[in-house]
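Working through the structure, step by step
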Amino acid sequence: MRALQVSKNGRPSEALEIVDVPIPEPGPGQVRVAVAAASLNFNDLDRCYGRVTTIPMPPPFILGMDVCGTVDAVGEGADPWLGRRVVAITQMAQGGLAEYALAPIDSVFDAPPEFDDAEAAGFVIPYHTAHLALFERGALRDGEGLLVISGASGLGSAAIQLGRACGAHVFATAGGPEKVALCRALGAELSVDHRESNFADAVLDHTGDVGAEVVFDLAGGGFLRDAWRAVARGGRYIVGGFADDPDNGTGGVALRPTCIGNFSIVGVIGAYMGHLPPALRRMGFNPFGRDVAESVHADLLRLAASGDVRPHVGQKVPLDGAAAALEAHEQRRSLGRSVVLVRA
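The text that follows walks through the structure, step by step, so that each part is easy to find. Keep in mind that what you see is a predicted model, and the values were worked out from it rather than measured.

Basis of the calculations
Residues numbered from 1 in each chain as written. Predicted model: local features only at pLDDT ≥ 70, side-chain atom pairs only at ≥ 80, totals over all residues. Heavy atoms only, no water. Buried < 20%, exposed > 50% of the residue type's maximum accessible area, 1.4 Å probe, protein only. Helix = DSSP H or I, 4+ residues; strand = E, 2+ residues; numbered from the N terminus. Pairing = 2+ DSSP bridges. Salt bridge = Lys/Arg side-chain N within 4 Å of Asp/Glu carboxyl O. Axes fitted to C-alpha atoms, helices over the stretch in contact; angles between N-to-C directions. Contact = heavy atoms within 4.5 Å. Polar contact = N/O pair within 3.5 Å; in protein donor to acceptor, adjacent residues only side chain to side chain.

1. Some words on the pairing of strand 7 (residues 100-104)
Burial analysis of strand 7 places four of its five residues in the buried class, which makes it a mostly covered element. Direction of pairing for strand 3 (residues 30-39) relative to strand 7: antiparallel, over a ladder of five bridges. Along strand 7, the bridge assignment pairs Val31 with Ala103.

Shown next, in the form of structure tokens:
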């Protein structure tokens with residue numbers, strides 16, 4: 001099969017090559033997906049460069065965290081999935097940018113019938129992660145304020161839609177007028193170009209100095225201190241990503257502002273595991289189980305059917321266009337989700 005492999009660490013145009021490799025066989029608790037489309041993620045950039053990631057992976061390996069396709073083979077315990085059109089987070093969150101990919105059944109879901117393959121491929125990670133962040137971890141409620149930092153990204157655009165669907169007042173930051181306009185179109189009542197204005201001041205002005213009860217930060221780095229200023233008293237700051245952080249979330253930061261701000265810090269990871277091996281737990285890894293996954297997916301299917309959520313696919317590229325698309329993502333020139341049409 002054709003696959004997009006990280007052969008060495010470096011920028012995507014240097015690190016990636018299309019290779020022919022054997023079709024993988026599913027093991028117990030796994031399915032094999034005949035991949036129609038796969039999404040590109042910021043973590044794919046980290047993996048190309050060999051930066052710190054949740055799951056370290058030395059080259060060579062096949063890139064690709066989330067896919068849409070049809071299950072064409074199953075391992076022991078996965079028989080009910082055979083022949084179904086699915087969205088899935090791939091095994092070890094890699095291997096999806098290939099004609100066939102393996103996925104654990106804990107991370108396999110029915111594809112929303114309302115979405116085409118590209119939209120469905122751009123759905124599972126951002127919408128599941130945003131749902132977990134806003135409702136499981138952030139306890140966002142109707143009428144509260146939600147600030148989404150990096151609102152024009154795949155995960156940010158999902159959070160804006162989910163916040164609006166639950167009745168929150170949604171505020172967003174983005175870089176540049178096109179991205180600001182996208183945030184407004186998705187439902188943000190306040191959309192701030194962080195290149196032109198201080199977003200914390202804008203949120204405080206808009207809310208009469210109350211701030212946002214939930215801040216979903218996908219950037220970190222230089223956005224952190226103003227993000228903390230924008231949290232309402234008793235609010236929740238959700239650590240969702242590190243797109244602006246050269247240390248990828250591993251550097252130190254002064255904690256005193258959390259005391260004077262009277263707010264909570266919560267983390268989230270968009271992953272599911274029904275049985276958590278003790279070794280992973282002792283490393284600090286502690287994802288939700290399949291029961292939560294099914295509850296989240298059922299709610300997302302409801303919202304997809306009602307039209308309240310729909311992935312914004314900014315660009316679709318063939319397999320040999322993935323490197324350029326990732327570099328556009330790195331240069332902040334992408335909108336929403338970038339999707340690879342694997343069989344194009």
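There is more to say, and it comes next.
2. Notes on unusual backbone geometry
Cis geometry marks the peptide bond from Pro59 to Pro60; its omega dihedral reads 0°. Even without a glycine there, the phi angle at Ala139 is positive, about 50°. Mapped onto the secondary structure, Ala139 falls in the loop between helix 4 (124-137) and strand 9 (145-149).

3. Some remarks on the pattern of salt bridges
Tallied over the full model, the rule gives 14 salt bridges. One salt bridge connects Arg11 with Glu327, and the closest N-O pair in it is separated by 2.9 Å. Of the two residues, Arg11 is situated in the loop between strand 1 (2-6) and helix 1 (12-15) and Glu327 in helix 12 (residues 322-330); the sequence distance between them amounts to 316 residues. The class of Glu327 is buried, set by a relative accessible area of 10%. The partner of Asp299 in a salt bridge is Arg302, and the shortest N-O contact between them spans 2.7 Å. Here the residue Asp299 and the residue Arg302 both occupy positions in helix 11 (residues 290-306), the gap between them amounting to three residues, near one helical turn. The exposure class assigned to Asp299 is partly exposed, which follows from its relative accessible area of 22%. Salt bridges sharing partners connect three or more residues here, namely Glu25, Arg32 and Asp72.

4. Here we look at the sheet that holds strand 13 (residues 231-239)
Taken in spatial order, the six strands line up as 11-10-9-12-13-14 in an open sheet, and their pairing is parallel. Edge positions in the sheet fall to strand 11 (190-193) and strand 14 (264-267), since each of these pairs with one other strand and no more. Going across the sheet, the axis of each strand differs from the next one's by a mean of 20°, ignoring polarity. Note that strand 9 and strand 10 (residues 169-174) share five bridges and pair parallel. Bridging from a neighbouring strand, Val148 pairs with Ala172 of strand 10. Each of strand 9, strand 12 (212-217), strand 13 and strand 14 is contacted by helix 4, which is oriented at about 150° to strand 12, the strand it contacts most.

5. Brief notes about the side chain of Arg236
Tracing the backbone shows Arg236 in strand 13. According to the relative accessible area criterion, Arg236 is buried, its value standing at 11%. A distance of 3.1 Å separates the side chain of Arg236 from the backbone oxygen of Ala139, its partner in a polar contact. Leaving out residues up to four positions away in the same chain, Arg236 has contacts with Gly138, Ala139, Leu140, Arg141, Glu144, Glu213, Val214, Val215, Val231 and Ser264.

6. With respect to the sheet that holds strand 1
With antiparallel pairing, three strands are arranged side by side in an open sheet as 2-1-4. Taken across any chain shown, the strands that pair with only one partner, and hence form the sheet edges, are strand 2 (16-20) and strand 4 (61-62). As paired elements, strand 1 and strand 2 share five bridges and run antiparallel to each other. Residue pairing in the sheet places Val6 in a bridge with Leu16 of strand 2.

7. Points about the pairing of strand 1
For strand 1, a buried count of four out of five residues is recorded, marking the element as mostly surrounded by other parts of the structure. Both strand 1 and strand 4 contribute to a ladder of two bridges, which runs antiparallel. What sits directly across from Val6, in strand 4, is Phe61.

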